[in-house]
Each structure stands twice: as structure tokens, then as C-alpha cells.
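A structural walkthrough
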Amino acid sequence: MISNRLADLNKPAAGGLAIALGGVLRSGGGVWLGWSGNIVPYQDENSVACTTVGNVDFLSIDLDEGEHQGYYKNYANGTLWPLLHQRVDIAVFDSSSEKIYRSVNKRFAHALLSVLREDDVIWIHDYHLIPLAEELRAAGVMNRIGFFLHTPLPPPATLSVLPNHEWLLSSLFACDLVGFQSNEDRVNFLSYVQIYFGDEAVDGSTVTRRRRTIVGSFPIGIDVDSFQAVAQSPAAQAMCAGMREEYSKRKLLIGVDRLDYSKGIPQRIRSFGAFLHSFREFRRSATLIQIASPSRDDINAYAEIQRELESLCGSINGDFGELDWMPIRYIHKTLNQDELAGLYQAAKVALVTPLRDGMNLVAKEFIAAQNPYKPGVLVLSKFAGAAEQMREALIVNPYDTESTVHAIHRALVMPLHERQERHRALLATIKRYDLHWWCKGFLHALTRPESKHDYSIKSILKKVLNRIDADSNRIR
């Protein structure tokens, strides 16, 4: 397993990715390679630290300040993240950062080579490490390699804005399997390949440009049973009881997000303000709690959205608030899983309305935490990857304030039998396509016999030519 960051070994994993990867590795043993999170003075590029926990070896590399700035802050999060979320207007394009991004991916490759065995299967995660598979192939690695993109993938026209986009996207051809969160993302990738590499490069869901690369959608899930157990914990139940007591005369709506411009929080706040303006009967009775966890505070775009949110919330509270009621509670902090599970249970409505999101696991956690006899209602953006699966939610366009206002109203007045039917269907979906299904599905597709390497003379010659091609690209 290779990801930008390793899980914190000193505390339980809170994120879906950490839980998923940790579970797979613990079940069969293996290696997890990632950045330690440390920024240190320049050291030898081959320096790798190893920590063993049970049957899992955790390999970590440190970054120096220049690598952290160029690879992580500038290129990964200043260029690729906004581009992948279709925010070209705030993406920064810098050739020097691109070079550092390439060099750090090469460091990851060298770190893996030190422990790689011939029969190992390699699973690479997310936009930080798109070129890694090609670096491994250039170093002679013949193992099966899978790549999974956790973010959305935009249409070809948006991808083409990126300088050297053909180099970046074609590096995925070095993989045996490329996985995306949604079918829309899968189609976008295949369309991109057809446009820039020719119709003959795509055969159904297989790219045949350099090797046989299978392309599929593998929507990530949550561990439903585990999260439901968290929801029944004493801490979660205490949180739920406390919130219900405090808001016993209110209808509670919640939004839970990282503070990120892709999450559509300002649009959500404006829609809630418009809801209060249109439906006066809900003044003094409807309260929105918006949790916005700190995220990349040292990047200007994130500081700007925080200021915008504080201004918006203050304006709406000033316009509609009373001495005994504030319509919006904006909280800029991170809650733990127990607190979130309790908050989900206390809420009548969850507003999960990103402008663009790879999946959004908050939507699935909210459904898992609900009391099936008195469930809350999920309002979900059509631009979240989760919308492909969770069709029984109230699907909205977060850019359309009027329709979002009416969806909020519908959610608050929805009859109990309809809430139960929608929740029953949504719960069945997230249970069927849970975290374990995601892991098993991806690894099965990567390791099934038709995915194994062809060691014929023709295949080996093709791989040699591919390596020459990769070397020529790096020289250019």
C-alpha cells in the first residue's frame, strides 16, 4: 500500500482510507509506504524509516522544506486538487513545482524497491502519486500495480488546462488497474484517452496504449457495522442526548465538512438563509450546526473561505436571530467519531452539498447512525460521487438556491413512513457496498488471472520499448 500519508499508529484511525488499508494489511500482512509528515533538513533521498506493528511494516520517508513546498503544497494541493475539483480559476501552474512533484514520486519508487518482492501486489492511492507506477516500471518493476483516485476526475476539457497533462495522465498506463470513485469519473478518463491518444487506445473499459490497463469504478464505502457500534457507544449516546435536550424545541440540521472550497459550504449557508426568508414558520425552530474542520490553513484559498463563512454566518444570524435563538452555529474544529455519531443521531436533516466530491463518506455515516424507526433525512448534492449510489436521498444542485431551499423544506416536513422507506433503502445500499466490498472488489480485479502479466517475447519486447519511451519522456 502506498499513500501520501501513513496512519497515526498511536491512535485509532478516524478516516475511511486509513481504516480500509489498515484492515487489508492486518488480515494478510504487508507493507505500507508513505510520508511521515515530518519536514526535515535535506537528507539522502534513499533514507527510509521502518516501524513494524504486528505483521505490517510501515515505511516512511521525510520531506525537506523544498519538497514539502513543491510536491505537497504547490503541485498536489495548489495545482492538482483545484483542477480535479474543477476550480481552474484558483489553480496555480508552476513548472518548478511539477519537477519537484516528479522527483518526490521517484523517491517513493526508490523506497519501495528496497523491500519489494517478486510476488508482491502494489496498490497506489490518490493524486499525490499519479506518476509513481511509471517510475516503478522504469526501474524494472514487473509486479501487478493498481491505482485508485479518491478525488473526482473532471472532463477532458478541464484536464487539458494542466501543462503537461498528457505526461501526467499517460503515466497511469503503467498500471494494470486504474480505479475511480464513480462511473462518471471512469467515463471521463476513457474519454480523455480517446481524445488525446486515439480511439484505438480504448477497448471498452480497457486502455491498450502501453500495456493492458483495466479501468473501473470502485465507490469507497464505510465499515457500517463498526460505525453503528460507535453510534451506540456511551460517548455517542451522551452527545446525542445532550444535543436533543439543548435543541428539544428546535429542528436540528447539520453540515459536517473539512473546510474546503469544494464542499460548497458558503452556498449551503446562503441556501439556509434563503430558506428562513421563504418559510417564516421555521424561524425560531430550525437551527443549522455547521462543522468545518480545519484544513490546510496555510493556503490562501482556505483562509479566504473561512473569512467568507464567518461573515455569512454573522450576517444571517444578525438578520434572523433572536435573543433565545441563533439560526446558525458555525464551529471551526474537528470532532471525533463518537461526537459525530451522536450529532448525526440528533439531527433531523443532514446537508451534504459539495460542489464536487469524489465520494463523501459523511453521507454514508449519517445513514448508518440513524435510528431506523425515526430516521433523519439526507439532502445530497448531485455532484458528490455518493449520489450515484444513494438515489433515495433528496438530490440537489447546490448551485441552485431555490431548489435547495425546497429540498430543505421537504426534508423537514417529510412524513415518517417516507423517511423510513428512504432510510431502509439507503442503509441496504451502504451495507452492500461497504468498505470491505471496496477493498475486496479492487484487489480481486487487480489479482484475477486475466490481470496477470504476459511474459511472452512480444510482451517483454513491448515493455522494453515502454521503458525506453518513459526514459525519453524524462529526458525531454
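What comes next is a walk through the structure.

Concerning the environment of R186
When you line up the elements, R186 lands in helix α7 (residues 183–197). Of the residues examined, R186 reaches a relative accessible area of 16% and is grouped as buried. Expressed as a C-alpha distance, the spacing of R186 and V215, which sit 29 residues apart in the sequence, is 6.8 Å. Non-local contacts of R186, meaning those with residues more than four positions away in its chain, are made with F180, S205, V215, G216 and S217. Only 2.8 Å separates the side chain of R186 from the side chain of S205, close enough to count as a polar contact.

Concerning the packing of aromatic side chains
The relative placement of two aromatic rings is captured by the distance of their centres and the angle of their planes. Applying the stated criterion across every chain yields a total of 22 aromatic pairs. Between W123 and F442, the aromatic rings sit 4.5 Å apart at their centres with planes inclined by 5°, giving stacked as the arrangement. Here F442 lies in helix α16 (residues 435–447) and W123 lies in strand β5 (residues 121–125), a separation of 319 residues in the sequence. When sorted by exposure, W123 lands in the same class as F442, which is buried. For the pair F275 and F282, a centre-to-centre distance of 5.3 Å together with 45° between the ring planes defines the contact as tilted.

Overview of the pairing of strand β3 (residues 49–53)
Looking down a regular strand, the side chains alternate between one sheet face and the other. Summarising the sheet, β3 and strand β4 (residues 56–63) pair through five bridges and their orientation is antiparallel. Paired with C50 across the strands is L59, a residue of β4. In textbook terms, the turn of a hairpin is the stretch between consecutive antiparallel strands, and for β3 and β4 this stretch comprises two residues, one of which, G54, has a positive phi near 65°.

Digging into the sheet that holds strand β16 (residues 394–396)
The sheet built from six strands is open, its strands ordered β13-β12-β11-β14-β15-β16 with parallel pairing. Unpaired on one side and paired on the other, β13 (328–331) and β16 mark the two borders of the sheet. Across the sheet, the axes of successive neighbouring strands diverge by a mean angle of 20°, strand direction being ignored. Pairing geometry for strand β15 (residues 377–381) and β16, over three bridges, is parallel.

Notes on helix α2 (residues 65–84)
Turn by turn, an α-helix covers 3.6 residues, leaving residues three or four places apart pointing in a common direction. In a regular helix each residue adds 1.5 Å, so 20 residues correspond to 28 Å; α2 covers only 25 Å between its end C-alpha atoms and thus falls short of that length. Counted residue by residue, α2 has 14 buried out of 20 residues, so it is predominantly covered. The backbone nitrogen of G66 has a side-chain oxygen 3.0 Å away, supplied by the residue at the start of α2, namely D64. Trailing α2 by a residue or two, Q86 shows a phi angle of about 60°, which is positive.

Observations regarding empty space enclosed by the protein
Under the definition given, this model contains four cavities of 30 Å³ or more. Along its surface, the second largest cavity is lined by 14 residues, and L84, I130, L149, L153 and L169 are the ones closest to its centre. Contributing elements (two or more residues each) for the lining of the second largest cavity: α2 and α6 (165–170). Sort the elements by how many residues they give to the lining of the second largest cavity and α2 lands first, with three residues.

Some points on the pairing of strand β11 (residues 251–258)
Burial within β11 is extensive, with six of its eight residues counted as buried. Pairing of β11 with strand β12 (residues 286–293), which is carried by eight bridges, proceeds in the parallel orientation. Bridge pairing in β12 places L252 opposite T287. Traced from β11 through helix α10 (residues 265–278) to β12, the parallel crossover comes out right-handed.

Remarks on the layout of surface pockets
Approximately 500 Å³ is the volume attributed to the second largest pocket. In this structure, the second largest pocket is lined by 20 residues; those nearest its centre are G29, G30, V31, D120 and V121. Mapped onto the lining of the second largest pocket, the elements with two or more residues apiece are α1 (16–28), β2 (30–39), β4 and β5. Classifying every residue of the lining of the second largest pocket by side-chain character gives 13 nonpolar, three polar and four charged.

Some thoughts on the side chain of S233
Within the fold, S233 resides in the loop between α8 (224–231) and α9 (234–246). Looking at S233, the relative accessible area reads 15%, which means it is buried. Within the structure, the side chain of S233 is placed 2.7 Å from the backbone oxygen of V230, a separation counted as a polar contact. A distance of 2.9 Å separates polar atoms of two side chains, one belonging to S233 and the other to D338.

Structural notes on the packing of helix α12 (residues 337–346) against helix α13 (residues 362–369)
Helix-helix packing is described using two parameters, namely the angle between the two axes and the distance between the axes. Relative to each other, α12 and α13 sit at 65°, their axes nearing to 8 Å. Relative to α13, the element α12 lies roughly perpendicular. Our pair here, α12 against α13, has a crossing hand that is right-handed. Contacts from Q337, A341, Y344 and Q345 of α12 reach α13 at V362, E365, F366 and A369. Split into classes, the residues belonging to the contact of α12 with α13 amount to five nonpolar, two polar and one charged.

A closer look at the nonpolar core
Most often, soluble globular proteins keep nonpolar side chains buried together rather than apart. Membership of the largest hydrophobic core comes to 87 residues, with the highest contact counts inside it found for F108, I124, F189 and F275. Residues contacting F189, with those up to four places away along its chain left out, are L153, L169, L172, F173, F180, V207 and V215. Ranked by size, the runner-up nonpolar core spans 60 residues in total, among them L6, W123, I220 and L435.

What counts as what
Residues numbered from 1 in each chain as written. Predicted model: local features only at pLDDT ≥ 70, side-chain atom pairs only at ≥ 80, totals over all residues. Heavy atoms only, no water. Helix = DSSP H or I, 4+ residues; strand = E, 2+ residues; numbered from the N terminus. Buried < 20%, exposed > 50% of the residue type's maximum accessible area, 1.4 Å probe, protein only. Contact = heavy atoms within 4.5 Å. Polar contact = N/O pair within 3.5 Å; in protein donor to acceptor, adjacent residues only side chain to side chain. Phe/Tyr/Trp six-rings, centres within 6.5 Å; stacked < 30°, edge-to-face > 60°. Pairing = 2+ DSSP bridges. Axes fitted to C-alpha atoms, helices over the stretch in contact; angles between N-to-C directions. Expected span 1.5 Å × (residues − 1). 1 Å grid on protein atoms, 1.4 Å probe; cavity = no way out; pocket = protein on both sides within 12 Å on 5 of 7 lines; lining within 4 Å. Points joined across faces, edges and corners; volume = space filled by probe spheres on them. Right-handed = clockwise from strand over helix to strand, strands pointing away. Nonpolar A, V, L, I, M, F, W, Y, C, P; charged D, E, K, R; others polar. Parallel < 35°, antiparallel > 145°, perpendicular 65-115°, else oblique. Left-handed = near helix turned anticlockwise from the far one by under 90°. Core = buried A, V, L, I, M, F, W, Y, C linked by side-chain atoms within 4.5 Å.

By themselves, these observations are geometric and do not establish any function.
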